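Each chain, letter by letter, is given below.
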Amino acid sequence: MLKECLQGIADAITSELFPKLFILSLIMFFLGLIVGYSIIDIDVKKQCDEMSITEAFQYPYCRNYFEEQLRKLKD
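Scope of this entry: the structure provided in the associated data block. Just so it is clear, the structure is predicted and the values come from calculations on it, not from any experiment. (Residues numbered from 1 in each chain as written. Predicted model: local features only at pLDDT ≥ 70, side-chain atom pairs only at ≥ 80, totals over all residues. Heavy atoms only, no water.)

**Looking at the packing of aromatic side chains**
Aromatic ring pairs are defined here through the distance separating the ring centres and the angle between the ring planes.
Then step 1. Inspection of every chain in the model, using the stated rule, returns four aromatic pairs.
Then step 2. Here Phe29 and Phe30 contribute two aromatic rings whose centre-to-centre distance is 5.4 Å and whose plane-to-plane angle is 70°, an arrangement assigned as edge-to-face.
Then step 3. For Phe30, a relative accessible area of 47% puts it in the partly exposed group.
Then step 4. Note on Phe57 and Phe66: the rings are 5.9 Å apart at their centroids and 50° apart in plane angle, and the pair reads as tilted.
Then step 5. In this structure an aromatic cluster arises from ring pairing among Phe57, Tyr65 and Phe66. (Phe/Tyr/Trp six-rings, centres within 6.5 Å; stacked < 30°, edge-to-face > 60°. Buried < 20%, exposed > 50% of the residue type's maximum accessible area, 1.4 Å probe, protein only.)

Below, the structure is given as structure tokens:
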């Protein structure tokens, strides 16, 4: 059974479609990482906005977010 599985993997790698599918899978993987990071970033900023200021300043990410927002207000 293991030998059949390894043979199937070898056949897939030597296939003509493998490079195209591999590149497509890499693009989709990195696109997923980018979308996931942006969703997490938006969610964390939302949580920072919902906290009280004294509580939010305990977290470095919220502190940086608020400092960035203050700089934007000054400009």
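Picking up where we left off.
**Re helix H4 (residues 60-74)**
Then step 1. Compared with the 21 Å implied by 1.5 Å per residue over 15 residues, the 21 Å span of H4 between its first and last C-alpha is a close match.
Then step 2. Within H4, the full set of buried residues consists of Cys62, Tyr65 and Phe66. What you see down the axis of H4 is that its buried residues fit within an arc of 95°, all on one side. Opposite the packed face of H4, turned more than 90 degrees from it, sit the exposed residues Pro60, Arg71 and Lys74. (Helix = DSSP H or I, 4+ residues; strand = E, 2+ residues; numbered from the N terminus. Expected span 1.5 Å × (residues − 1). Arc of directions from axis to C-beta.)

**So, the state of the cysteines**
Then step 1. Scanning all chains against the criterion turns up one disulfide.
Then step 2. Paired through a disulfide, Cys48 and Cys62 show a sulfur-sulfur distance of 2.0 Å. Its S-S torsion of about -75° marks the bond between Cys48 and Cys62 as left-handed, since a negative value means left-handed. Of this pair, Cys48 sits in helix H2 (residues 18-50) while Cys62 sits in helix H4; the two residues are 14 residues apart in sequence, bridging distant segments of the chain. Note on accessibility: Cys48 and Cys62 belong to one class, buried. (Disulfide = S-S within 2.5 Å.)

**Section: the packing of H2 against H4**
Then step 1. One can describe the packing of H2 onto H4 by two numbers: an axis separation of 10 Å at closest approach and a directional angle of 85°. For the element pair H2 / H4, the angle class is roughly perpendicular. The segment H2 lies against H4, with Asp41, Val44, Lys45, Cys48 and Asp49 engaging Tyr61, Cys62, Tyr65 and Phe66.
Then step 2. Looking at the contact of H2 with H4 residue by residue, the classes come out as six nonpolar, no polar and three charged. (Axes fitted to C-alpha atoms, helices over the stretch in contact; angles between N-to-C directions. Parallel < 35°, antiparallel > 145°, perpendicular 65-115°, else oblique. Contact = heavy atoms within 4.5 Å. Nonpolar A, V, L, I, M, F, W, Y, C, P; charged D, E, K, R; others polar.)

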